[in-house]
Amino acid sequence: MREKQNGTRVAELPDAIRQIIRREVEDGLADFGAKDFEADLRAKLRRASEAAPRRFFFLKTAPAIGLTLAVVGIGAAILWLVKEPPRTGPNVLALTLEIAPGLANLEEYPLPSAGGEIGPASMAPGLVGRALFSAAGAAASVSGPGTEGAIKPLPRTTLEQKMRLLYGDRTIERALEPFRDKFKEV
Amino acid sequence: MTVPGDELLGRLAAYREDVFRLCLGFARNAAEAEDLCHDVFLKAFARVPGLREPAGARIWLLRIARTTCLDHLRRLRLLPTVRVEEAARAMADPPGPEALSEASEERVRLKAAIRALPRKQREVLVLREYGGLSYDDLARILRLRPGTVMSRLNRARKAVTAAFKGERR
């Protein structure tokens, strides 16, 4: 059987199926109509309106606060890193040297000239190397002008001397204590 | 969400049976349809400012009903089909053949056949057969041309008939 609409023929459902649907709808509507829909709806609306501020806080306010703090924190960290370039702490340095003593190999890195030109070491990887390189450069610039344009090799120093150069005397003793016997001179 | 006034609630609640019929077509049973119906009205009250033409409130409401039901079906697909406690209960006390009447058995089979339809065909079939909507209303709700609605309905009816008869054999 087909129903016709605006000249287009559309297949019809068999009577058996239509009856099943009709019966299901009638049964459902009978149950549904027996209940006080508006009262139920009002109760649900009231619950939803009470829950709305809490949900708003967890879905909108809390993530917004978190995001703001994260942005401010990252911004502050960037500013701080720009102002105070990171230095390796004595404990981390000592641990790093224990794991990979090769990192402290500085023979291949030339010192900067007294004029302050940056040598290839500025791009070289290596935790200690870079830190020591910059510290030695700073010390050289403070101590006065050397030979103009000359590149001196880094003096051979003990690990302790290097760390004193980097961190001063106050914190170094404690950090070096457990490793004092373990390291050979670089 | 603010609780709507009596006038607005009464005006929209006048379409509750239309909404319920549509929800029943998508839901697995009447209880689920009733919950869906409430959800539809909760959504509708939250979106009342989006109702531009009060005269088109019925179509607007049925459109919300359709999207709510489709969202519900999508969520159902993400959940396990049978809950553990239901399965345990069914194993402990399986329903005998007499427990399921022939009518409800046929209803379940038809629901399964409708659920097996592709989404576009299923929604047009449900809106037409359960909702009793005209082709024009269908076209407005689905934002389609009447010709497209009819061709989808034609395919949906053929498919569901074939599936239902195939199951019966």
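Below: a short report on this structure. No experiment lies behind these values; they were computed from the predicted model shown. (Residues numbered from 1 in each chain as written. Chains lettered and ligands numbered in written order. Predicted model: local features only at pLDDT ≥ 70, side-chain atom pairs only at ≥ 80, totals over all residues.)

Examining the overall build of chain A
Within chain A, the secondary structure is distributed over six helices and two strands. Each helix (α) and strand (β) of chain A, taken in turn from the N terminus, gives the series β-β-α-α-α-α-α-α. The proportion of buried residues among the 186 residues of chain A is 16%. Considering only intrachain contacts with a sequence separation of at least 6, the fraction spanning at least 24 residues in chain A is 71%. (Helix = DSSP H or I, 4+ residues; strand = E, 2+ residues; numbered from the N terminus. Buried ≥ 20, exposed ≤ 12 C-beta atoms within 10 Å, placed from the backbone. Contact = placed C-beta atoms within 7 Å.)

Re unusual backbone geometry
Residue and element names in this part refer to chain B. The residue Arg143 is not glycine, and still its phi comes out positive at about 55 degrees. The topology assignment puts Arg143 in the loop between helix H8 (135-142) and helix H9 (146-168). Overall, Arg143 belongs to the exposed group, with 7 C-beta atoms counted inside 10 Å.

Examining the interface of chain B and chain A
At the interface, 33 residues of chain B touch 29 residues of chain A. Sorting the residues of the side of chain B that touches chain A by element identifies helix H1 (6-13), helix H2 (16-26), helix H3 (30-46), helix H6 (102-115), helix H7 (119-130) and H9 of chain B as the ones contributing at least two each. Ranked by residue count, the leading element in the side of chain B that touches chain A is H9(B), at nine residues. For the side of chain B that touches chain A, the residue count by class is 19 nonpolar, five polar and nine charged. (Nonpolar A, V, L, I, M, F, W, Y, C, P; charged D, E, K, R; others polar.)

Quick word on the packing of H7(B) against H8(B)
Residues and elements named next belong to chain B. Orientation of H7 relative to H8, taken along the N-to-C sense of each, is 140 degrees, at an axis distance of 10 Å. In this view, H7 runs oblique relative to H8, as classed from their interaxial angle. The crossing of H7 and H8 is right-handed. Contacts between H7 and H8 involve Val124, Leu127 and Arg128 from the former and Leu138, Ile141 and Leu142 from the latter. Split into classes, the residues belonging to the contact of H7 with H8 amount to five nonpolar, no polar and one charged. (Axes fitted to C-alpha atoms, helices over the stretch in contact; angles between N-to-C directions. Parallel < 35°, antiparallel > 145°, perpendicular 65-115°, else oblique. Left-handed = near helix turned anticlockwise from the far one by under 90°.)

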